[in-house]
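Chain by chain, the residues run as shown.
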Amino acid sequence: MRIPLKEAGDMLLAAKNIVITAHVNPDGDAIGSCLGMMHYLRGIGKNVRVLIDDDIPKNFSVLPGVENIDRPSEVGSEKETADVLLILDTNIERVGAVRESVSATQVLNIDHHVTNDLSCQAVYLDSDSAATAEIIYRLLKEMKAKMTKEIAMAVYTGIATDTGFFRFPNTTPFTMRAAAELVEYGAEPGIISEAVEAKPFERIVQMAKAVETTELFYDGKLAGIFLNRAAAEQFDSTEGLIDALRAVEESDISLLLKWKSEGVFRISMRSKKTDVSCIAADFSGGGHERAAGCTLKMTFEEAKRTILEAIGKALEKK
């Protein structure tokens, strides 16, 4: 059920024990939103844990409190109990093992993805927001939060990364005003951008080799990189790889298919015109019109063929 932003704030204020989570394969928006809320809620005396069922990219180690993000308990272990499970930047289907490891009286979902299925007990969804962190910024203002540097660093990171550091078309005047105010509260854009964009020399070399394998399809409208197990295991992280394809002049859609585990492949898509969230939704994924992803459980060859066919159908509708 959809609720107003004020009601979301009231739910959190009424709770004592809160677990915060976000989607697997967490990005800057997911991590920044979780940490921003963690700092605020702990600051007003709440018992708060942040659980994310995946590794946290070390690029975000610059954010205060990132060391407090834990993995959920193993299946079969005693469940974590909470008054509220706060799910950020996704719906409940994409939080991995957190769903089974937490027993909560209420579930509150705050998101900006148009693909959110609204299945949680209470949902605040604003698909016009540039980032979930932008909603968090508004929520904190609604709750009359005392903004600290720790909160500002986290929320700014979420907004900045989901807008491509204010280059993507989801950037609005409100986005820029919010970012400016967060800088006034102590966010450090230079430190954040340098940390997020930093890559070891070895990864730069790996990325260069991967870009050389780029394949073009549909008269150049799709540029894709496809990493099977052998290729994917050469990377400690593929963060930023798909963004290298956005610069291909003729392309509309950029695609990264990457081996995750045996029979499991992660799909990331970016676009200039096509709504890739609809493609991702067909495979129980999610995202935005211009940036979306999903997971395919099949062989490498099947995954490649499946996603290419789906993108081809979407391009035909243009």
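Reading guide: rules and limits
Residues numbered from 1 in each chain as written. Predicted model: local features only at pLDDT ≥ 70, side-chain atom pairs only at ≥ 80, totals over all residues. Heavy atoms only, no water. Helix = DSSP H or I, 4+ residues; strand = E, 2+ residues; numbered from the N terminus. Contact = heavy atoms within 4.5 Å. UniProt positions renumbered as here; feature names shortened; annotations may be inferred. Polar contact = N/O pair within 3.5 Å; in protein donor to acceptor, adjacent residues only side chain to side chain. Disulfide = S-S within 2.5 Å. Salt bridge = Lys/Arg side-chain N within 4 Å of Asp/Glu carboxyl O. Buried < 20%, exposed > 50% of the residue type's maximum accessible area, 1.4 Å probe, protein only. Axes fitted to C-alpha atoms, helices over the stretch in contact; angles between N-to-C directions. Parallel < 35°, antiparallel > 145°, perpendicular 65-115°, else oblique. Left-handed = near helix turned anticlockwise from the far one by under 90°. Nonpolar A, V, L, I, M, F, W, Y, C, P; charged D, E, K, R; others polar.

**Let's talk about the side chain of N91**
Phase 1: Within the secondary structure, N91 is located in the loop between β4 (80-88) and α3 (98-101).
Phase 2: Those residues in contact with N91 that lie beyond four places of it in its chain are N109, D111, T115, N116 and D117.

**As for the UniProt feature "domain: DHHA1" (unreviewed entry) in the chain**
Phase 1: Here, UniProt's "domain: DHHA1" (unreviewed entry) annotation points to residues 238-316.
Phase 2: Helix makes up 35% of residues 238-316 and strand 33%, and the two end C-alpha atoms of the span are 29 Å apart.

**With respect to the side chain of S251**
Phase 1: Mapped onto the fold, S251 is located in the loop between α10 (241-245) and β9 (253-261).
Phase 2: In terms of polar contacts, S251 uses its side chain to reach the backbone carbonyl oxygen of V248, at 3.0 Å.
Phase 3: Not counting residues up to four positions away in its chain, the partners in contact with S251 are G220, K221, A223, L245 and K272.

**Things to note about the state of the cysteines**
Phase 1: By the definition in use, this model includes 0 disulfides.
Phase 2: Not engaged in a disulfide, the cysteine C120 finds its nearest cysteine sulfur in C34; these two sulfurs lie 14 Å apart.
Phase 3: Not part of a disulfide, C294 finds its nearest cysteine sulfur in C278, a span of 12 Å.

**Observations regarding the environment of S77**
Phase 1: Take S77: it is sitting in the loop between β3 (69-70) and β4.
Phase 2: On a C-alpha basis, the gap between S77 and K144 in space is 38 Å, while along the polypeptide they are 67 residues apart.

**Notes on the pattern of salt bridges**
Phase 1: Here the structure, examined in full by the defined rule, presents 15 salt bridges.
Phase 2: For K6, the salt bridge identified is with D10, shortest N-O distance 3.1 Å. Remark: D10 and K6 occur in helix α1 (residues 5-14); sequence separation between them is 4 residues, near one turn of the helix.
Phase 3: Looking at K6, the relative accessible area reads 48%, which means it is partly exposed.
Phase 4: The class for D10 is partly exposed, based on a relative accessible area of 38%.
Phase 5: It is possible to trace a salt-bridge network through shared partners that takes in R49, D70 and E80.

**Quick notes on the packing of helix α5 (residues 149-162) against helix α7 (residues 189-197)**
Phase 1: The contact between α5 and α7 brings their axes to 11 Å, and the two run at 55 degrees. Between α5 and α7, the crossing angle belongs to the class labelled oblique. Remark: the crossing between α5 and α7 carries right-handed chirality. For the pair formed by α5 and α7, the contact residues are M153, Y156, T157 and T161 on the first element and P189, I192 and V196 on the second.
Phase 2: Here the residues of the contact of α5 with α7 are counted per class, giving 5 nonpolar, 2 polar and no charged.

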